[in-house]
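Residues per chain, in single letters:
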Number of protein chains: 2
Amino acid sequence: MAEARNVDTRERILDAAERLFMAHGYEGTSMRQITGEASVNLAAVNYHFGSKESLMQEVFRRRLDWLNEERMRVLDAYEKEAGGIALKPSQIVDGFFGTLLRMADDETHGGMTFLRLLGRTLTEPSEFIRTFLAHEYKPVMERYKEALFRALPEVPKAEIVWRFHFMLGATSYAIAGTDALRLVTDWQIEEEDSTDRLDRLVPRLMSFLLGGLRAPLPQYDPSAVNPK
Amino acid sequence: MAEARNVDTRERILDAAERLFMAHGYEGTSMRQITGEASVNLAAVNYHFGSKESLMQEVFRRRLDWLNEERMRVLDAYEKEAGGIALKPSQIVDGFFGTLLRMADDETHGGMTFLRLLGRTLTEPSEFIRTFLAHEYKPVMERYKEALFRALPEVPKAEIVWRFHFMLGATSYAIAGTDALRLVTDWQIEEEDSTDRLDRLVPRLMSFLLGGLRAPLPQYDPSAVNPK
DNA sequence: CTATGATTCAAACGAACGTATGAATCATAG
DNA sequence: CTATGATTCATACGTTCGTTTGAATCATAG
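Here, residues in each chain are numbered from 1, in the same order as that chain's written sequence. Here chains are named by letter from A upward and ligands by number from 1 upward, in the order in which they appear as written. For a predicted model such as this one, the threshold for reporting local features is a pLDDT of at least 70, and the threshold for listing and counting side-chain atom pairs is 80 or more; totals across whole chains, interfaces and linings nevertheless cover every residue. Side-chain numbers come from the whole structure's heavy atoms, not from hydrogens or water.

Draft legend 1. Broad picture of the overall build of chain A. Helix numbering and strand numbering both begin at the N terminus, where a helix is a DSSP run of H or I of at least 4 residues and a strand a DSSP run of E of at least 2. Scanning chain A for helices and strands turns up 10 helices and 0 strands. Helices and strands appear in chain A in the N-to-C order α-α-α-α-α-α-α-α-α-α. Only protein chains enter the area calculation, which uses a 1.4 Å probe; residues under 20% of their type maximum are buried, those over 50% are exposed, and those in between are partly exposed. Put simply, chain A has 228 residues, and 57% of those count as buried. Should any heavy atoms of two residues lie within 4.5 Å, those residues are counted as being in contact. Contacts spanning at least 24 positions in sequence make up 73% of the contacts within chain A whose residues lie at least 6 apart. Computed with the Shrake-Rupley method and a 1.4 Å probe, the accessible areas treat only the protein chains shown as cover for residues. About 10,300 Å² of surface is accessible on chain A, with carbon and sulfur atoms providing 52% of the total.

Below, the structure written as structure tokens:
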């Protein structure tokens, strides 16, 4: 019997899909664009992946499996180092968001392209993507939430969950929006070049996230008003 | 001559489009879905708006014009109140993000539906949406950035721009993701009901944003490492 | 009432979509 | 070599897409 699992075609399709989904979204990208950019036959996608939806899932699985395992490894290392006592919030934030951001420099794991795709997809509407990501993220999410609960025992759990969510949003935008940033600024500000900008993004975002995570708790005031 | 500008059909189309774009995204929503939900003829969209793209822009213009004027008014009021001296960061954040969040309770200006649409669209890939939003937001963005520069003279401007961007992301997610939040938690946490949840969201997010905005400045360390 | 222009309507357009098919081509095992 | 199964290929299928058309209907001005 003959067999081979041509991995080259598969990878070329995944790379092209990753880039195009990032640039134009899932619904905005056609199979013909993907196979065109990958220089493979139109039918290759359905042969190797079965459908466009399955292709999308595989694009994510290829990167997320590694990312989430890495996040587990980082937390393992921190916890071993701490030996029983609760971790510092900064360590947990680094394990989750730092690990993510460090992917940007790692072209073998998708680099900036995948990060921007991920950032955009977290707000994507399609049902099957949401359920897929929720399933894919569940274990690592559970673990990090627990770590935060232990690290911040005086903060109500609901508050921590919300702040985790806010941190996700800030990070997602920071990544997705190297373009979207043009909405905030026209970058006429004298500024470092783009590679340097990425290096500085990580500590900048980390400071912001930790500042938000450790902010004073809100006092619930049902009668908040704005002036005039 | 006869004339009328049937405003009822227009509004019904805009309402349906707003809800469907929010639920399924721009590319994921068809004209037939929109006209079906609005109970108008398929050709009505092209008659009243010219094209799907123009419809999308009108969906946003209808809400953003009011929102951004309101943001200007709030800042005017705060600055008049302050009489010359720089505003407090909390006032600026309230003017920009608080005004936005207060739209959620205001059904006459789109309410939660538009907010979620806006949150999702800020990461949308389509070129024409990005350029449209950038143009629509430019004046108010410029004004608020200047206010922040004056309020935080000791913080480098580039740093403020980044943190503005982070705040946008956190807010966008907080809004867009009443669903996406299920990714972080399964909400088995004993928690307030959903209307109450919205009331509490505003102070929660405000605390987070201000904590992030006023966080200690990052020290740039090119050799940051994670353990193992 | 009649005329006019605004609006609605059913129907159709060509293009692009995701997917399926069956033959051609390829690599390898025997 | 030949045989076999994996892979590629050109082509087509049936749908759905955004948009257009021209006639029908409506409201109002004169």
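Still more to cover.
Draft legend 2. Local environment of the packing of aromatic side chains. Aromatic pairing here means that ring centres of Phe, Tyr or Trp (its six-membered ring) are within 6.5 Å. Orientation follows from the plane angle: under 30 degrees is stacked, over 60 is edge-to-face, and everything else is tilted. With the rule as written, the count across this model stands at 19 aromatic pairs over all chains. Plain terms: the ring middles of F208(A) and F166(B) are 5.2 Å apart, the flat faces sit at 55° to each other, and that makes the pair tilted. Here F208(A) is found in helix α10 (residues 194–213), whereas its partner F166(B) is found in helix α8 (residues 157–176) on a different chain. Assessed through its relative accessible area of 1%, F166(B) is described here as buried. Judged by centre distance (5.8 Å) and plane angle (35°), the rings of W162(B) and F166(B) are tilted. Of this pair, W162(B) and F166(B) are both found in helix α8, 4 residues apart, which corresponds to roughly one turn of the helix. For the pair W162(B) and F166(B), a shared accessibility class is recorded, and that class is buried. Here the aromatic cluster, defined as three or more aromatic residues joined through ring pairs, consists of W162(A), F166(A), F208(A), W162(B), F166(B) and F208(B). Geometrically, a lysine NZ or arginine CZ counts as sitting over a ring once it is within 6 Å of the ring centre and also within 35 degrees of the ring normal. The ring of F96(A) has R71(A) lying over it, and the distance from NZ or CZ to the ring centre is 3.7 Å. Over the aromatic face of Y26(B) sits the side chain of K52(B), whose NZ or CZ is 4.6 Å from the ring centroid.

Draft legend 3. View of the pattern of salt bridges. Residues and elements named next belong to chain B. Every case where a carboxyl oxygen of Asp or Glu lies within 4 Å of a side-chain nitrogen of Lys or Arg is listed as a salt bridge. If you walk through the whole model with that rule in mind, you get 32 salt bridges over all chains. Among the salt bridges present, the one from E11 reaches R62, with a minimum N-O distance of 3.2 Å. In this pair, E11 is assigned in helix α1 (residues 7–24) and R62 in helix α4 (residues 52–82), connecting sequence segments 51 residues apart. Residue E142 is joined to K145 by a salt bridge in which the shortest nitrogen-to-oxygen separation is 3.5 Å. Of this pair, E142 and K145 are both found in helix α7 (residues 127–151), 3 residues apart, which corresponds to roughly one turn of the helix. In this structure E142 comes out as partly exposed when scored by relative accessible area, which is 28%.

Draft legend 4. Geometry of the side chain of R71(B). All names here are of chain B. With respect to the secondary-structure elements, R71 resides in helix α4. Two residue types count as positive, namely Lys and Arg, and two as negative, namely Asp and Glu; His and chain ends fall outside the count. The buried charged residue R71 lacks any salt bridge, with E70 as its nearest oppositely charged partner at 9.8 Å. Residues in contact with R71, not counting those within four places in the same chain, are G95, F96, T99, L100, Y137, V140 and Y144.

Draft legend 5. Region of interest: α4(B). Residue and element names in this part refer to chain B. For a helix, the expected span equals 1.5 Å multiplied by the number of residues minus one. Spanning 31 residues, α4 covers 45 Å between terminal C-alpha atoms, matching the ideal 45 Å at 1.5 Å per step. A residue's bend is the angle separating two fitted axes: one through the seven residues that end there, the other through the seven that start there. Along its length, α4 reaches its greatest deviation from straightness, about 30°, at R61. In the stretch just after α4, G83 is the one whose phi turns positive, near 55°.

Draft legend 6. Representation of the packing of α7(B) against α8(B) within the structure. Residue and element names in this part refer to chain B. Axis separation between α7 and α8 bottoms out at 10 Å; the angle between their running directions is 125°. On the basis of their axis angle, the class for α7 and α8 is oblique. α8 is crossed by α7, and the crossing has right-handed handedness. Judged by residue contacts, M141, Y144, K145, L148 and F149 of α7 engage K157, I160, V161, F164 and L168 from α8. Each residue is assigned to one class: nonpolar for Ala, Val, Leu, Ile, Met, Phe, Trp, Tyr, Cys and Pro, charged for Asp, Glu, Lys and Arg, and polar for all the others, Gly among them. Split by residue class, the contact of α7 with α8 holds 8 nonpolar, no polar and 2 charged. Lines fitted to C-alpha atoms define the axes, with helix axes restricted to the stretch in contact, and inter-axis angles between N-to-C directions lie between 0 and 180 degrees. Orientation categories follow fixed angle ranges, with anything under 35 degrees roughly parallel, anything over 145 roughly antiparallel, 65 to 115 roughly perpendicular, and all other angles oblique. The crossing is said to be left-handed when, going from far helix to near helix, the turn is anticlockwise and less than a right angle, and right-handed when the turn is clockwise.

Draft legend 7. A look at α7(B). In a regular helix each residue adds 1.5 Å, so 25 residues correspond to 36 Å; α7(B) covers 34 Å between its end C-alpha atoms and thus fits that length. K138(B) marks where α7(B) bends most, by close to 50°; the proline P139(B) follows one to four residues later.

Draft legend 8. View of the environment of F96(A). Residues and elements named next belong to chain A. Mapped onto the elements, F96 comes out in helix α5 (residues 89–102). Residues F96 and R71, 25 residues apart in the sequence, show an inter-C-alpha distance of 5.9 Å. In contact with F96, not counting residues within four places along its chain, are R71, Y137, M141, Y144, F164 and L168.

Draft legend 9. Summary view of the packing of helix α6 (residues 111–121) of chain A against helix α8 (residues 157–176) of chain A. Residues and elements named next belong to chain A. Where α6 contacts α8, the axes come no closer than 8 Å and their chain directions differ by 130°. It follows that α6 is oblique to α8 by the angle criterion. Considering how the two elements wind past one another, α6 and α8 form a crossing that is left-handed. Across the interface between the two elements, M112, L115, R116, G119 and R120 from α6 touch S172, I175 and A176 from α8. In terms of residue class, the contact of α6 with α8 is made up of 4 nonpolar, 2 polar and 2 charged.

Draft legend 10. Region of the structure containing unusual backbone geometry. Residue and element names in this part refer to chain A. Of note, the phi angle at S39 is positive, near 55°, even though the residue is not glycine. Here S39 shows up in the loop between α2 (31–38) and α3 (44–48). Given a relative accessible area of 58%, S39 falls into the exposed group.

Draft legend 11. Region of the structure containing the side chain of E18(B). Here E18(B) shows up in helix α1. In contact with E18(B), other than residues within four places in its own chain, are V59(B), R62(B), R63(B), G110(B), T113(B), F114(B) and L117(B).

Draft legend 12. A look at the environment of E146(A). Residues and elements named next belong to chain A. Position of E146 among the secondary structure elements: in helix α7 (residues 127–151). The class for E146 is partly exposed, based on a relative accessible area of 37%. Along the backbone, E146 and K157 are 11 residues apart, and their C-alpha atoms lie at a distance of 9.5 Å.

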